[in-house]
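Here is how the chains run, residue by residue.
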Amino acid sequence: MEIGLVGLGKMGGNMAVRLRRQGHTVVGYDRNPDIADVASLADLVKALPAPRVVWVMVPAGAPTRATVHELGELLETGDVVVDGGNSRYTDDREHAAHLRPHGIGYVDAGVSGGVWGLDNGYALMVGGSVEDVATVQPFFDALRPEGEAGFVHAGPVGAGHFAKMVHNGIEYGLMQAYAEGFELLDAADVVEDVPGVMRSWTQGTVIRSWLLDLLVLALDADPDLSDIRGYVDDSGEGRWTVEEAIDHRVPIPVITAALFARFGSRQQDSPAMKAVAALRNQFGGHAVTKVARGEVESPA
C-alpha cells in the first residue's frame, strides 16, 4: 500500500523506514529537499493513488494547522489525513471540522517510542471514526510493536492525542521521581556506586521500567552527569495535562510538581526565593546572601 508522509525528521524519517521495511510504499515530503521524495505537498498528493492516506509529522500548532489546511485544498473525498504529531486534542476537533465539508477524513494519532521506535515499534493511541481508522489500519499495524498491546482506538477525533497527553504527563512524573532518587543517592555519603544501584533496580524490582533502563544508559556514558546542564524544557503536553486536570477538578500533584520542577530548572537565581530571603531578614533578622560587589547578577 502507498502512504504520503509529511515531515521526515527524527520521528517521521524513522517511521518512513519502518513502513518501507513492512512492504509499504512511502512518498515523503519535507521542507529539506535533500531528504524529500517530492518537491511540494501538491506533488505528494499527485503521486498517491486514491483513496489517499497522508500522515503529517510536523510541529504542533501553526505548522500542523497550515499543513492540514493546505491538504484540505489538495485532497479529495474519501482521502484521510493522519496527524501523528503532538497536537492538542482541541486542535484535532478543529482540523476534522475543517476537512469534513471536503469529504476528507481525519485521524489523530498519539505516537510514543522516540528514536527507538524504528526497531521496537511505536505505541499508537488513535482517535477518529471507525471507518477512517480502518482505512489507516494497515499502516498502524506496520508501525506498532509486536504483540497484543501497543495500539488502541481510543475513541472519536481527539481521543488519541488526549491519551498521548496524559501519557506524557505520567512520563514527566516518572522521570522526576527517578531523577530525585538519583540526586539523593548522589548527595548522601552512604552509597559508593550510585550507577550500580540504579542498574540493580532494572531487574526484579517494582520500579523497573524502560525509562529507568534509559537513565542507566545515560549514567554508563556519564556517571555523574557532569556533561549535562540541569536545564529542562517542556514541549507542552505536561502543561496541557495540568490545565485539563484543573478543568476537570482532578488532583494531579505529582505531574504538576514535575512540570514546575522543569520551570525551576531554568532559573539561575529565583526571584521568589529572593523574596523569601528578604522576608526572613525583615521579620526575623535572618542572614541573607548578598550579591558580591562588582558581580553581575545573572538573570532569573
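All values derive from a computational prediction rather than experimental measurement.

**Student:** Give me the sheet that holds strand S7 (residues 151-155): which residues, what numbers.
**Tutor:** If you trace the 7 strands from one edge of the open sheet to the other, you get S2-S1-S3-S4-S5-S6-S7, paired in mixed fashion. In this open sheet, the two strands that pair with only one neighbour each are strand S2 (25-29) and S7. For this sheet, the mean inter-axis angle between neighbouring strands, taken without regard to orientation, is 25 degrees. Note that strand S6 (residues 123-127) and S7 share 4 bridges and pair parallel. By the bridge assignment, leucine 124 is partnered in S7 with phenylalanine 151. Set on the sheet, helix H3 (residues 62-74) makes contact with strand S1 (2-6), strand S3 (53-56) and strand S4 (80-83); between it and S3 the angle comes to about 165 degrees. In this fold helix H4 (residues 89-99) packs onto S4 and strand S5 (105-112), with an angle of close to 150 degrees to the strand it touches most, S5.

**Student:** Which residues make up the pattern of salt bridges, and what values go with them?
**Tutor:** Scanning all chains against the criterion turns up 12 salt bridges. Measuring nitrogen to oxygen at the nearest pair gives 3.1 Å for the salt bridge that ties arginine 21 to aspartate 119. In this pair, arginine 21 is assigned in helix H1 (residues 10-21) and aspartate 119 in helix H5 (residues 117-120), connecting sequence segments 98 residues apart. With a relative accessible area of 53%, arginine 21 lands in the exposed category. Within this structure, Arg52, Glu76 and Asp79 form a network of salt bridges that share partners.

**Student:** Summarise the nonpolar core; cite the residues concerned and give the values.
**Tutor:** In terms of nonpolar packing, the biggest core is built from 26 residues, with Trp55, Val82, Val107, Leu124, Val126, Val136 and Phe140 touching the most fellow members. What phenylalanine 140 contacts, discounting residues up to four positions off in sequence, is Trp55, Val107, Ala109, Leu124, Val126, Val133 and Phe151. Counting residues in each nonpolar core, the second largest holds 19 residues, with Leu41, Val56, Ala96 and Ile104 among its members.

**Student:** Lay out unusual backbone geometry in plain terms, naming residues and giving numbers.
**Tutor:** With an omega of -5 degrees, the peptide bond running from alanine 50 to proline 51 counts as cis. Positive phi, close to 55 degrees, is recorded for leucine 225, a residue that is not glycine. Examined against the element boundaries, leucine 225 turns out to sit in the loop between helix H9 (210-221) and helix H10 (237-247). When its relative accessible area of 21% is taken as the criterion, leucine 225 is described as partly exposed. Even without a glycine there, the phi angle at arginine 249 is positive, about 55 degrees. By secondary structure assignment, the location of arginine 249 is in the loop between H10 and helix H11 (253-265).

**Student:** Give a detailed account of a nonpolar patch on the surface, specifying residues and quantitative values.
**Tutor:** Where nonpolar side chains cluster on the molecular surface, the patch consists of Val115, Trp116, Trp210 and Leu217 and spans about 420 Å² of accessible area. Note on placement: leucine 217 falls in helix H9. For leucine 217, a relative accessible area of 45% gives the class partly exposed.

Scoring rules and cut-offs
- Residues numbered from 1 in each chain as written.
- Predicted model: local features only at pLDDT ≥ 70, side-chain atom pairs only at ≥ 80, totals over all residues.
- Heavy atoms only, no water.
- Pairing = 2+ DSSP bridges.
- Helix = DSSP H or I, 4+ residues; strand = E, 2+ residues; numbered from the N terminus.
- Axes fitted to C-alpha atoms, helices over the stretch in contact; angles between N-to-C directions.
- Contact = heavy atoms within 4.5 Å.
- Salt bridge = Lys/Arg side-chain N within 4 Å of Asp/Glu carboxyl O.
- Buried < 20%, exposed > 50% of the residue type's maximum accessible area, 1.4 Å probe, protein only.
- Core = buried A, V, L, I, M, F, W, Y, C linked by side-chain atoms within 4.5 Å.
- Patch = residues over 30% accessible without salt bridge, like charges linked within 9 Å, V, L, I, M, F, W, Y side chains within 5 Å.
- Areas by Shrake-Rupley, 256 points an atom, 1.4 Å probe, with all protein chains shown as cover.

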